[in-house]
Amino acid sequence: MASYGFSKAVRVKRGAEFTFALRRGQCAADGVLVLFAVPSQPDAPARLGITIPKKTGNAVVRNRWKRLIRESFRTQIEQIPIGHDYIIRPKKNATLNWIAVQKSVPKLACKATKNT
RNA sequence: CGAGCGGGCGGGUCGAUCGCUGGUCAGGUCAAACUGACUGGAGGAAAGUCCGGGCUCCGUAGGACAGGAUGGUCGAUAACGUCGACCGGCCGCGAGGCUAGGGAAAGUGCAGCAGAGAAUAGACCGCCGAACGGUCCGCCAACGGUGGAUGCGUGGUAAGGGUGAAACGGUGCGGUAAGAGCGCACCAGCGACCGAGGUGACUCGGUCGGCUUGGUAAACCCCAUCCGGAGCUAGACCAAACAGAAUGAAGCGGCGGUCCGUCGCGCAAAAGAACAUUCGGGUAGGUCGCAGUGGAGGCGACGAGCAAUCGUCGUGCAAAGAUAAAUGAUCGUCGUCGCGGCAGGGCUCGCCUUACCGCGGCACAGAACCCGGCUUACAAGCCCACUCGCAAU
RNA sequence: UACCCUAUGGUGUAAUUGGCAACACAUCUGAUUUUGGUUCAGACAUUCUAGGUUCAAGUCCUAGUAGGGUAG
């Protein structure tokens, strides 16, 4: 049974890893989110990085986006292919909706990794 | 009851499940990672970054200039552009509100259009006059003189009209050809002096003076007071891979607005060392700073003061600390507001009110070294003081 | 996080010392033309917002809003 934790080990932390993923990663998007996927070690757990542009809103709105994305990644970790790093950002002009985000995260992750 | 004015409080409650993060303890490990238990985890503005400080480094932060800030008085404060009280001015019937409020008699500048004239001002209409010139008429007389008429030119005047944001005091009497501070009286304003009150800004009263000396300094400027610069990306320490290298002169550098002053190294030649600068790297990365017996703390009592605030005493009242960056997600519950429904009650008979049920909502906003302010944003609800109007007693 | 700059018709720019907000293009309306184009005439502004100084503010001062940029 997969744990529902979200410790530091499963986060993307380095700025270089972010820029690499955004430039070279496989991209998938829908009306709510944009997701970039990059393969890491085959047996490594899936790692998540979230980037929210400042234009999204004020600090409260940005925090809420981040928490919802993280929460949907955490609770649905079984459905997400391992061995990849994921960078997620909200789509421009998208309105914040918990159900939509929840559906979108695993769908986009599968879609992006299938292409590699 | 209506309208208003000033100020304060408040910032949802309690749980369940799954998570994040700091600390302590235990397990685990060479050391970590990791696991478990207990425990702490956003605000009144944490925001804007507009001021002021602490703290850190620059050099021991000292002088002058430049530059910047402030600008009624007294006080409060670590300090401030903040706060309190008071004074002056403007607004409001009033409670109250606003106020960058030193100097225009140190100097320079500016004032469009309109208007006659805009700063040692000016004469369009108007008013006045026959001294001068012109014109007309008469007389003597012979190219001149004299008398009268005329406001055409020249002249006097600024009371009145009109323009403007502003027109170089106002009213009355005298005066004059008409007028004018031309003279006088009173009033306003300015300056000097005297007296009274106040710590002071200033207020009140009196005497004298020349008769008036305008506005703008959030225009330049002058005066007074204050400010050294940069900031936690401050700064201290540890420290990879590759790979160490170049330059300097009797001056060079520290020195970040400029100069003085000051400090470090060097000043016969060569070599070395040292010093300084530049590039590679003091970089990537990490630890500390950094989270607390701490902060110009909070609360309570007493005292001083109109107040801001201060003093003394008491009080475990007190535990956020991330770094791609924690403080969350879902559900329930109670609270509250709005709308709708329904039973009861009131009654002016279609409105009000209470219990219950359903649906929907509950703001502004997220610590990043720490404090004191200011400014701006903010849902529902609550409290206090005061003013005006109407009605009743 | 620290710091800096900008804002004027729909768009791109002007406005001297504070003194009637100007120009080009676009759009719309009308005229000319059989119609269209050209041409001509006209319309289109709360100078980002709110206060203040001044007789007078796009310009000066204060506070805010929005957008953009620089450093690490």
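Residues numbered from 1 in each chain as written. Chains lettered and ligands numbered in written order. Predicted model: local features only at pLDDT ≥ 70, side-chain atom pairs only at ≥ 80, totals over all residues. Heavy atoms only, no water.

Just to check I follow, could you spell out the sheet that holds strand β4 (residues 84–90) for this structure?
Paired through backbone hydrogen bonds, the strands of a sheet run either parallel or antiparallel to each other. Pairing in this open sheet of four strands is mixed, and the strands run β1-β2-β4-β3 from one edge to the other. In the strand order of this sheet, the two ends are held by β1 (26–29) and β3 (47–50), each with one partner. Strand-to-strand twist of the sheet, defined as the mean angle between neighbouring strand axes without regard to direction, takes the value 20 degrees. Two strands pair when backbone bridges link them, and strand β2 (residues 33–39) and β4 are joined in this way by seven bridges, in the antiparallel orientation. Note on β4: the bridge partner recorded for Pro39 is His84. Docked against the sheet, helix α2 (residues 59–75) engages β2, β3 and β4, running at close to 165 degrees with respect to β3. (Pairing = 2+ DSSP bridges. Helix = DSSP H or I, 4+ residues; strand = E, 2+ residues; numbered from the N terminus. Axes fitted to C-alpha atoms, helices over the stretch in contact; angles between N-to-C directions. Contact = heavy atoms within 4.5 Å.)

Looking at this model, I keep getting lost on the side chain of Asp30. Mind explaining?
Here Asp30 lies in the loop between β1 and β2. Of note is the side chain of Asp30, whose polar atom sits 3.0 Å from the backbone nitrogen of Val32. Within polar-contact distance, the side chain of Asp30 engages the backbone nitrogen of Leu33 at 3.0 Å. Excluding residues that lie within four positions of it along the chain, Asp30 makes contacts with Lys91, Ser104, Lys107 and Leu108. (Polar contact = N/O pair within 3.5 Å; in protein donor to acceptor, adjacent residues only side chain to side chain.)

Looking at this structure, how should I read the environment of His84?
In this structure, His84 sits in strand β4. For the pair His84 and Asp43, spaced 41 residues apart in sequence, the C-alpha to C-alpha distance is 9.2 Å. Here the side chain of His84 touches Ile82 through a polar contact of 3.1 Å, landing on its backbone oxygen.

When you look at the environment of Ile69 in this model, what are you seeing that I'm missing?
When you line up the elements, Ile69 lands in helix α2. When the C-alpha atoms of Ile69 and Leu35 are compared, they prove to be 11 Å apart, with 34 residues separating the residues in sequence.

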